Amino acid sequence: MSTQRESFHRTTVRDFARLKQSRTKFVMLTAYDALWGQLLDECELPAILVGDSLAMVVQGHENTIPVTLDEMIYHARLVTRVVRRAMVVVDIPFPGCFTGTDSALKQAAKILKQTKAQAVKLEGGAEQAEVIAGLVKAGIPVMAHVGLRPQSVHQLGGYLVQRAGDQLLRDATAAADAGAFAVVLECIPRDIAGAITRQVAIPTIGIGAGPECDGQILVTQDLLGLTSGRIPKFVRPYAQLRGQVVDAVRRFQQDVQSAEFPGPEETFE
Ligand code: KIV
């Protein structure tokens, strides 16, 4: 049996440390299936996130809370099947990391075993330090997520900018001290995110946290203008694909109705 595959260097936690040391800015995006996993891997991103945002983007829920561990695993498997270069990071869905270290460890291990992803992400800082340390001790790379934590949207009272500077710094520092290899900073004013970035030894990855973070992450569908409805202030759409999709489908429909499609080029004689 041939096991030949083109071999690429896969991003590791050591590469993340180097990005921080060399002050190299980097980008992460989300993927939930093989099509987008492959496209993003072609762009040579250091890491791809199978985010629990798939609850909203793919499943049509109002927030990220309903997505289950098995659903996250299903989507992560679609991504890892094709991604060769990027580190694939998978979100532990609600309430995963709030159920104690043993339970979080079981869920993280299930993710790594069943998806072949390289790392997990969990929402939380200081209050999750013990869980992060437990996973790291078991050899599982952990990306932490502080600031606006969408899994706690009901308790936070909405998707609001988080301004408690001292607490946010404590959260990011606790995550780094517990062994996280990187930390997502979501919806934090730029001066607080900048101070955290200068003070913690691990890379910070901002989403609505200003330009001083070491890296930036967005939801791919937001970046490409595929999302409907109100888009957050921190998103810059680099394309308007939603309009293009609707236009293409409408033109196809019109051409079929006017017998323009299929034409001789698309027909077998
Ligand atoms: O679930 C997600 O997609 C995320 C990011 C956008 C940071 O957590």
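Starting from 1, residues in each chain are numbered consecutively following that chain's sequence as written. Owing to the predicted nature of the model, reporting of local features is limited to residues with pLDDT of at least 70; listing and counting of side-chain atom pairs is limited to 80 or more, with chain, interface and lining totals taken over all residues. Values shown for side chains rest on all heavy atoms present in the structure; no hydrogens or waters enter the calculation.

J.: Got a minute to help me understand the packing of helix H4 (residues 69-80) against helix H5 (residues 101-115) in this structure?
T.: Relative orientation and spacing of two packed helices are given, respectively, by the angle between their axes and the distance between those axes. Close contact between H4 and H5 brings their axes to 9 Å; oriented N to C, the two are set at 35°. The handedness of the crossing between H4 and H5 is right-handed. When H4 is examined against H5, the residues Leu69, Asp70, Ile73, Ala76, Arg77 and Thr80 are found in contact with a partner set consisting of Gln107, Lys110, Ile111, Gln114 and Thr115. Classes in brief: Ala, Val, Leu, Ile, Met, Phe, Trp, Tyr, Cys and Pro nonpolar; Asp, Glu, Lys and Arg charged; the others, Gly included, polar. When its residues are assigned to classes, the contact of H4 with H5 shows four nonpolar, four polar and three charged. Only the stretch in contact is used when fitting a helix axis, every axis being a line fitted to C-alpha atoms; angles between N-to-C directions are given from 0 to 180 degrees. A run of DSSP states H or I qualifies as a helix once it reaches four residues; a run of E qualifies as a strand once it reaches two. Both are numbered from the N-terminal end. By definition, any crossing whose near helix is turned counterclockwise from its far helix by less than a right angle is left-handed, and any crossing with a clockwise turn is right-handed. Only heavy atoms enter the contact rule, under which two residues are in contact if any of them lie within 4.5 Å.

J.: Could you clarify how one ought to interpret the environment of Thr197 in this entry?
T.: Looking at the secondary structure, you find Thr197 in helix H9 (residues 190-199). Filtering out sequence-adjacent residues up to four positions away, Thr197 remains in contact with Lys20, Leu185, Thr204, Glu212, Cys213 and Asp214. Contacts described as polar in this section are N or O atom pairs within 3.5 Å, which, within protein, must combine one atom able to donate a hydrogen with one able to accept it, while residues neighboring in sequence count only if both atoms come from side chains. In this structure the side chain of Thr197 is engaged in a polar contact, spanning 2.8 Å, whose partner is the side chain of Thr204.

J.: Honestly, the pattern of salt bridges in this entry has me stumped. Any pointers?
T.: In a structure, side chains of opposite charge can pair up when their charged atoms sit close to one another. The working definition used for a salt bridge is a side-chain nitrogen of Lys or Arg within 4 Å of a carboxyl oxygen of Asp or Glu. For the structure shown, the criterion picks out nine salt bridges. Between Arg85 and Glu44 there is a salt bridge whose closest N-O contact spans 4.0 Å. Here the residue Arg85 occupies a position in the loop between H4 and strand S3 (87-91), and Glu44 occupies one in the loop between helix H2 (34-42) and strand S2 (47-50), the gap between them amounting to 41 residues. Judged by relative accessible area, Arg85 falls into the partly exposed class, the value being 22%. Buried residues are those whose accessible area, probed at 1.4 Å on protein chains only, stays under 20% of the maximum for their type, while exposed residues exceed 50% and partly exposed ones sit between those limits.

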